[in-house]
Amino acid sequence: MARKEKSTQNSEHRWEGLQEIDRAISENRLTSYSWKKAWADPWGRVKLIAIFVALAAFVVFVIVNDVIL
């Protein structure tokens, strides 16, 4: 009977975030999970947009500097 109480106690203390990460790893979708979490965070979204804008600006610079000039 003590085991039953102990197992109920453990099931009550499940951490939802860790379960989601464990599920993501088991389904091999950790990258997708990371991108979704970063996009959901306002500062993460700003960082992602800044990185993509900087990358696009670099590509445009290389094209203009090497191909056109």
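Residue numbers here run from 1 along each chain, matching the order of that chain's written sequence. Where local features are concerned, this predicted model is filtered to residues with pLDDT of at least 70; where side-chain atom pairs are given and counted, the filter is 80 or more; whole-chain, interface and lining totals use all residues. The basis for the side-chain values is all heavy atoms of the structure; hydrogens and waters are excluded.

**Focus: the overall build of the chain**
Okay, step 1: Scanning the chain from terminus to terminus reveals 4 helices and 0 strands.
Okay, step 2: Helix and strand definitions follow DSSP, with helices as H or I runs of at least four residues and strands as E runs of at least two, each counted in order from the N terminus. When the helices and strands of the chain are read in sequence order from the N terminus, they spell out α-α-α-α.
Okay, step 3: Looking at the chain as a whole, 6% of its 69 residues qualify as buried.
Okay, step 4: Split by element, the accessible area of the chain, about 6500 Å² in all, is 65% carbon and sulfur. The rule is simple: take the accessible area with a 1.4 Å probe, protein chains only, and divide by the maximum for that residue type; under 20% is buried, over 50% is exposed, in between is partly exposed. Only the protein chains shown count as cover for residues, and all accessible areas are computed by the Shrake-Rupley method using a 1.4 Å probe.

**Some points on the packing of aromatic side chains**
Okay, step 1: Only rings of Phe, Tyr and Trp enter the pairing, Trp through its six-membered ring, and a pair is recorded when the two centres are within 6.5 Å. The plane angle decides the type: under 30 degrees is stacked, over 60 is edge-to-face, the rest tilted. One pass over the structure, following the stated rule, counts 1 aromatic pair.
Okay, step 2: Taking the centre distance of 6.3 Å and the plane angle of 10° together, the rings of Trp35 and Phe52 count as stacked. With Trp35 in helix α3 (residues 30–40) and Phe52 in helix α4 (residues 42–68), the pair connects residues that are 17 residues apart, well separated along the chain.
Okay, step 3: The partly exposed category is assigned to Trp35, whose relative accessible area is 45%.

**What to know about the confidence of the model for the chain**
Okay, step 1: For the chain, the average pLDDT comes to 80, and 81% of its residues sit at 70 or higher.
Okay, step 2: A residue's pLDDT is simply how confident the predictor is in it, with values from 0 to 100. Confidence, read as mean pLDDT per element, is least for helix α1 (residues 2–12) in the chain (53) and greatest for α4 (94).

**Let's talk about the packing of α3 against α4**
Okay, step 1: Throughout, an axis means a line fitted to C-alpha atoms (over the contacting stretch in the case of helices), and angles, computed between N-to-C directions, take values from 0 to 180 degrees. Across the interface, α3 lies against α4 with an axial gap of 5 Å and an inter-helix angle of 105°. With respect to α4, the element α3 is oriented roughly perpendicular. From α3, Trp35, Ala38, Trp39 and Ala40 reach across to α4, where they touch Pro42, Gly44, Arg45, Leu48, Ile49 and Phe52.
Okay, step 2: In the scheme used here, Gly and all other residues not listed as nonpolar or charged are polar, with Ala, Val, Leu, Ile, Met, Phe, Trp, Tyr, Cys and Pro taken as nonpolar and Asp, Glu, Lys and Arg as charged. Classifying every residue of the contact of α3 with α4 by side-chain character gives 8 nonpolar, 1 polar and 1 charged. Roughly parallel means an angle under 35 degrees; roughly antiparallel means over 145; roughly perpendicular covers 65 to 115; every other angle is labelled oblique. Should any heavy atoms of two residues lie within 4.5 Å, those residues are considered in contact.

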